[in-house]
Amino acid sequence: MNKLPIVILISGRGSNMQAILDQAARGELAVDIRAVISNRPDAPGLDSARAAGIHTAVVDHREHSSRAEYDQALQSAIDQYQPALVVLAGFMRILTPAFVRHYQGRLINIHPSLLPALRGLNTHQRALEAGVSEHGASVHFVTEELDGGPVIVQARVPVQPDDTADTLATRVLRVEHQLYPTAIGWFAAGRLHYRDGAAWLDERPLIQPVRLDCGDAET
Ligand code: GAR
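Residues numbered from 1 in each chain as written. Predicted model: local features only at pLDDT ≥ 70, side-chain atom pairs only at ≥ 80, totals over all residues. Heavy atoms only, no water.

J.: Would you mind showing me how to read the site of the ligand here?
T.: Contacts to the ligand come from Arg13, Gly14, Ser15, Asn16, Gly90, Met92, Ile110, His111, Pro112, Leu173 and Glu176. Between Arg13 and the ligand, the recorded distance is 2.6 Å, taken from a side-chain N or O atom to an oxygen atom. One nitrogen or oxygen atom from the main chain of Asn16 is found 3.0 Å from an oxygen atom belonging to the ligand. Those elements that place two or more of their residues in the shell around the ligand are α1 (15-25), β5 (107-111) and α6 (165-188). Class assignment for the residues of the shell around the ligand results in four nonpolar, five polar and two charged. Formed jointly, the shell around the ligand draws a minimum of three residues from each of two domains, domain 1 (1-103) and domain 2 (111-138 + 153-219). (Near = heavy atom within 4 Å. Polar contact = N/O pair within 3.5 Å; in protein donor to acceptor, adjacent residues only side chain to side chain. Helix = DSSP H or I, 4+ residues; strand = E, 2+ residues; numbered from the N terminus. Nonpolar A, V, L, I, M, F, W, Y, C, P; charged D, E, K, R; others polar. Domains from an automatic or database assignment.)

Here you go:
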């Protein structure tokens, strides 16, 4: 089986990265993880990637004077590995239009909300403040609009009356770990594409994101 070459970008803990590594190691995801790259040298996820025998690299944003220069350096680091897909997994940087265009159709992100609701940061706290009964996570193709690219797949979780931002984040993270390998698996199988500004699955444009039922999201 041909494995899809991917590069994963992280900024911190890397639990989504770990979920992808684990599925690949179990032979459940046909990807060749060429490298994990972080903008922060102290990202804990780098240690987990190294422990799994994956190449790691740091492109430190503090060593670059402009966003454009940083993204150019990041692009050079990524392109050495010739990925067919670049996976943003908690990569907490706004990307320049030039960077996004370079990877158009092969750059995906996971975001902790039911997009288009709650783009940006602090989504769990904002979900609580908005008083919504459902929250969740989305995987989307990245476009020049922040958190605005076509959504591929989502999973919902209930918001409980006694939730804090932390308890809600934990519940959402659990479904993220199922969502992201699912979307990457579709891409690796040649079922998922970006075309005409839309996400296509099995040769059909997705009018709505696929909704994934994650069994344990109730807890
Ligand atoms: C995840 O919840 C991810 O959805 C979010 O950061 C967390 C990273 O966790 N991403 C964003 O907010 C992107 N704007 P992880 O490092 O354990 O995967």
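Read on for the rest.
J.: It is not clear to me how the domain arrangement of the protein chain should be interpreted in this structure. Could you clarify?
T.: How big an interface is tends to be stated in terms of the accessible area lost upon association of its parts. Its domain assignment divides the protein chain into domain 1 (1-103) and domain 2 (111-138 + 153-219). Here domain 1 and domain 2 have C-alpha centroids that lie 20 Å from each other. With 16 residues of domain 1 at the contact, the number on the domain 2 side is 10 residues. When the area that domain 1 buries against domain 2 is broken down by residue, the three leading residues are Asn16, Leu29 and Leu85, summing to 35%. At the boundary of domain 1 and domain 2, one finds zero salt bridges. Applying the counting rule to domain 1 against domain 2 returns three residue pairs in polar contact (both at pLDDT 80 or more). For the side of domain 1 that touches domain 2, the secondary-structure elements that each account for two or more residues are α1 and β4 (85-88). Of the residues assigned to the side of domain 1 that touches domain 2, the class counts are 12 nonpolar, three polar and one charged. (Contact = heavy atoms within 4.5 Å. Buried area = accessible area lost by both parts, 1.4 Å probe. Salt bridge = Lys/Arg side-chain N within 4 Å of Asp/Glu carboxyl O.)

J.: What is the right way to look at the sheet that holds strand β3 (residues 56-58) in this model?
T.: Within a sheet, neighbouring strands are paired by backbone hydrogen bonds and run either parallel or antiparallel to one another. Strand order in the open sheet formed by eight strands is β3-β2-β1-β4-β5-β6-β7-β11, and the pairing between neighbours is mixed. Of all strands in the sheet, those bounded by a partner on one side alone are β3 and β11 (210-211). Pairing of strand β1 (residues 4-10) with strand β2 (residues 31-38) involves seven bridges; the strand directions are parallel. Each bridged residue has a counterpart across the sheet, and for Ile6 the counterpart in β2 is Ile33. Strand contacts of helix α2 (residues 44-51): β1, β2 and β3, with the helix running at about 155° to β3, the strand carrying the most contacts. (Pairing = 2+ DSSP bridges. Axes fitted to C-alpha atoms, helices over the stretch in contact; angles between N-to-C directions.)

J.: Is there a simple way to explain the packing of aromatic side chains in this structure?
T.: The geometry of an aromatic ring pair is captured by the separation of the ring centres together with the interplanar angle, meaning the angle of the planes. Applying the stated criterion across every chain, the model contains three aromatic pairs. Here the aromatic rings of Phe99 and Tyr103 are separated by 4.9 Å at their centres, their planes lie at 55°, and the arrangement is tilted. Using a relative accessible area of 1% as the deciding quantity, one classes Phe99 as buried. Members of the aromatic cluster, each reached through a chain of ring pairs, are Phe141, Phe187 and Tyr194. Taking NZ or CZ as reference, Arg93 lies 4.4 Å from the ring centre of Tyr70, over its face. Above the face of the Trp200 ring, Arg195 is positioned so that its terminal group lies 4.5 Å from the ring centre. (Phe/Tyr/Trp six-rings, centres within 6.5 Å; stacked < 30°, edge-to-face > 60°. Buried < 20%, exposed > 50% of the residue type's maximum accessible area, 1.4 Å probe, protein only. Lys NZ or Arg CZ within 6 Å of the ring centre and 35° of its normal.)

J.: How should I be thinking about the side chain of Asp147 in this particular structure?
T.: Looking at where Asp147 falls in the secondary structure, it is placed in the loop between β6 (134-141) and β7 (151-158). The charged side chain of Asp147 is buried without a salt bridge, its nearest counter-charge being Arg119 at 6.5 Å. Here Gly120 takes part through its backbone nitrogen, which lies 2.8 Å from a polar atom of the side chain of Asp147. (Lys, Arg positive; Asp, Glu negative; His and termini not counted.)

J.: Would you mind showing me how to read the pattern of salt bridges here?
T.: As a working rule, side chains carrying opposite charge can pair if their charged atoms are close by. A full pass over the atoms with the stated rule returns 10 salt bridges. Between Glu28 and Arg26 there is a salt bridge, with the nearest N and O atoms lying 3.2 Å from each other. Among the residues examined, Glu28 registers a relative accessible area of 49% and is labelled partly exposed. Where Arg171 meets Asp163, a salt bridge forms, and the shortest distance between an N and an O atom there is 2.7 Å. Judged by its relative accessible area of 7%, Arg171 falls in the buried class.

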